[in-house]
Each structure stands twice: as structure tokens, then as C-alpha cells.
Amino acid sequence: MSKDDNQELKKFLSSFPQNLQDLALQLRSMVWGWYPEANELIYDNSNVLAFGWSITDRLSYTFCTMSLYSSYMHFGFYDGKGIPDPKKLLLGKGNQYRYIIVHDFKSFPRAYIKKLVNEAYLNASVKLALDLEKTSKTRKDNKNNNHPEGMTIVKSSSPKKRRPDKA
């Protein structure tokens, strides 16, 4: 589906409070403005709605994400541990994912986050290039490297939702 066709995403967002719906759409528009050639991957799981941007159609090349919970959202980085964060705004102690908690668009640190997103995008691009190089060494024919661009792709949608009602 095209990135401009956001009816399915709006359906997924409808179980969240209106302020989070609006915030998610504002941040989504911001990221699409920065990276119109990226693909948006949507995961509508039972307790969280997550969507992120990938340089391909695969999660492993995702460079930034959003996850909605009952009263706040994360703006995060799939491989956030490898991104320099001089202001130490990113949270998370796992092996990979880092994020900030976002309550409203006004307080969102756009300029700083844009720098982090740019770094994450470069990291994902390098990872893809290295993976393609490995693949081309093992295959004579490497025609399957065409990836969709600028698409919204629903990767999963759980029929059962365990989300709290809208506030």
C-alpha cells in the first residue's frame, strides 16, 4: 500500500487515545518527510502498535520506530545501541533497541532526533551493503536485490487486542 493510503494505519490507531493518534501521525509525517524513499513496516500486535522505517521491506534494516502504548509512545531505534547519543536521551539497556518516551509533539527534540535518525539510516545502509556483498559472493545471480520504496507494508496484525480503552 502507498504511504499516502493510511486508512489501515488509522484503523489500527483507533484503539488509542486521540492525543496519541495525533502524535503518531505527526511524527509519522515528519519521518516520511525526511525519508520518502523508505518503507514503513507496521506491526499491529496484541498490546502495542509498532511501526518503523526500513531501507528494505525487512525488519533487520529498520532505522527508526514508533511504538504506541496506552498513554505514551516510544520513538526508537532498532539498532540504537550503535548510535552515538551525546545528550544521553536514549533509554534502554538491551543489546539493541534504544528509545525516548514521547508524550507530545511540542516537546519532541526534533533537531537532535533527526541527527540520530540520520546516523541510524547510515548504519542500516552499511548493514545492507555488507549483507548484499556477502550474498553476491555466494550467488552468481543477484537479481533479487530490488526492494520496494516509499511503501507502507503491514507485516502483522493480531486479531486479539489487549489494549486498554481510550482515555
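What counts and what doesn't
- Residues numbered from 1 in each chain as written.
- Predicted model: local features only at pLDDT ≥ 70, side-chain atom pairs only at ≥ 80, totals over all residues.
- Heavy atoms only, no water.
- Helix = DSSP H or I, 4+ residues; strand = E, 2+ residues; numbered from the N terminus.
- Buried < 20%, exposed > 50% of the residue type's maximum accessible area, 1.4 Å probe, protein only.
- Contact = heavy atoms within 4.5 Å.
- Areas by Shrake-Rupley, 256 points an atom, 1.4 Å probe, with all protein chains shown as cover.
- Polar contact = N/O pair within 3.5 Å; in protein donor to acceptor, adjacent residues only side chain to side chain.
- Core = buried A, V, L, I, M, F, W, Y, C linked by side-chain atoms within 4.5 Å.
- Expected span 1.5 Å × (residues − 1).
- Phe/Tyr/Trp six-rings, centres within 6.5 Å; stacked < 30°, edge-to-face > 60°.
- Pairing = 2+ DSSP bridges.

**Student:** Before we move on, can you summarise the overall build of the chain with the specific residues and values?
**Tutor:** Each helix and strand in the chain was counted, giving 3 helices and 6 strands. Looking at the 167 residues of the chain, the share that counts as buried comes to 40%. Partitioning the contacts of the chain with sequence separation of at least 6, the portion at a separation of at least 24 is 59%. Total accessible area on the chain is roughly 9300 Å²; 51% of this is exposed by carbon and sulfur atoms.

**Student:** I'd love a proper account of the side chain of Arg-28, names of residues and values included.
**Tutor:** With respect to the element layout, Arg-28 can be found in helix α2 (residues 18–34). Within the structure, the side chain of Arg-28 is placed 3.5 Å from the side chain of Thr-152, a separation counted as a polar contact.

**Student:** Give me the environment of Ser-54: which residues, what numbers.
**Tutor:** One can find Ser-54 in strand β2 (residues 49–54). Here Ser-54 falls in the buried class, since its relative accessible area comes to 0%. Taking C-alpha positions, Ser-54 is 5.6 Å from Ala-38, a pair spaced 16 residues apart along the chain. What Ser-54 contacts, discounting residues up to four positions off in sequence, is Ala-38, Asn-39, Leu-41, Tyr-61, Thr-62 and Phe-63. A polar side-chain atom of Ser-54 sits 3.4 Å from the main-chain carbonyl oxygen of Tyr-61.

**Student:** Which residues make up unusual backbone geometry, and what values do they have?
**Tutor:** Phi at Lys-88 takes a positive value of approximately 55 degrees, unusual for a residue other than glycine. If you trace the backbone, Lys-88 turns up in the loop between β4 (73–77) and β5 (98–102). Residue classification places Lys-88 among the exposed positions, given a relative accessible area of 67%.

**Student:** Break down the nonpolar core for me, citing the residues and quoting the values.
**Tutor:** Ranked by internal contacts, the top residues of the largest apolar core, which has 39 residues, are Phe-63, Phe-75 and Phe-77. Those elements that place two or more of their residues in this core are α1 (7–13), α2, β2, β3 (62–68), β4, β5 and α3 (110–138). Looking at this core element by element, the count peaks at 8 residues for α3. Look past the residues within four positions of Phe-77 in its chain and what remains in contact with it is Phe-63, Cys-64, Thr-65, Ile-83, Leu-90, Gln-96, Tyr-97, Arg-98, Ile-113, Leu-116, Val-117 and Ala-120.

**Student:** An account of α2 is needed here, citing residue identities and associated values.
**Tutor:** The terminal C-alpha atoms of α2 lie 25 Å apart, and with 17 residues this matches the ideal 24 Å at 1.5 Å per residue to within 8%. All of the buried residues along α2 are Leu-20, Gln-21, Leu-23, Ala-24, Leu-27, Arg-28, Met-30, Val-31 and Trp-32.

**Student:** I'd like to hear about the packing of aromatic side chains, residue by residue, with values.
**Tutor:** Scanning the model with the defined rule gives 9 aromatic pairs in all. Measuring from centroid to centroid gives 5.9 Å for Phe-51 and Trp-53, while their planes differ by 65 degrees, and the two rings are edge-to-face. For Phe-51, a relative accessible area of 1% translates into the label buried. Residue Trp-53 is classed as buried on the basis of its relative accessible area, which comes to 0%. On the basis of an interplanar angle of 20 degrees and a centroid distance of 5.2 Å, the ring pair of Tyr-69 and Tyr-72 is categorised as stacked. For Tyr-72, a relative accessible area of 27% translates into the label partly exposed. Ring-pair connections join several aromatic residues into one group, and the members of that group are Trp-32, Phe-51 and Trp-53.

**Student:** Lay out the pairing of β4 in plain terms, naming residues and giving numbers.
**Tutor:** Two faces, one strand: in a regular strand the side chains alternate between the faces of the sheet. Most of β4 is tucked away, with 5 of its 5 residues classed as buried. Neither face of β4 is left uncovered, since the one carrying Met-73, Phe-75 and Phe-77 and the one carrying His-74 and Gly-76 both have all their residues buried. Inspection of the sheet shows β3 paired to β4 by 4 bridges, in the antiparallel sense. Paired with Leu-68 across the two strands is Met-73, which belongs to β4. Following β3, the chain reverses through 4 residues before pairing antiparallel with β4. Examined bridge by bridge, β4 and β5 share 5 bridges and lie antiparallel to one another. Looking across to β5, one finds that Met-73 is bridged to Val-102.

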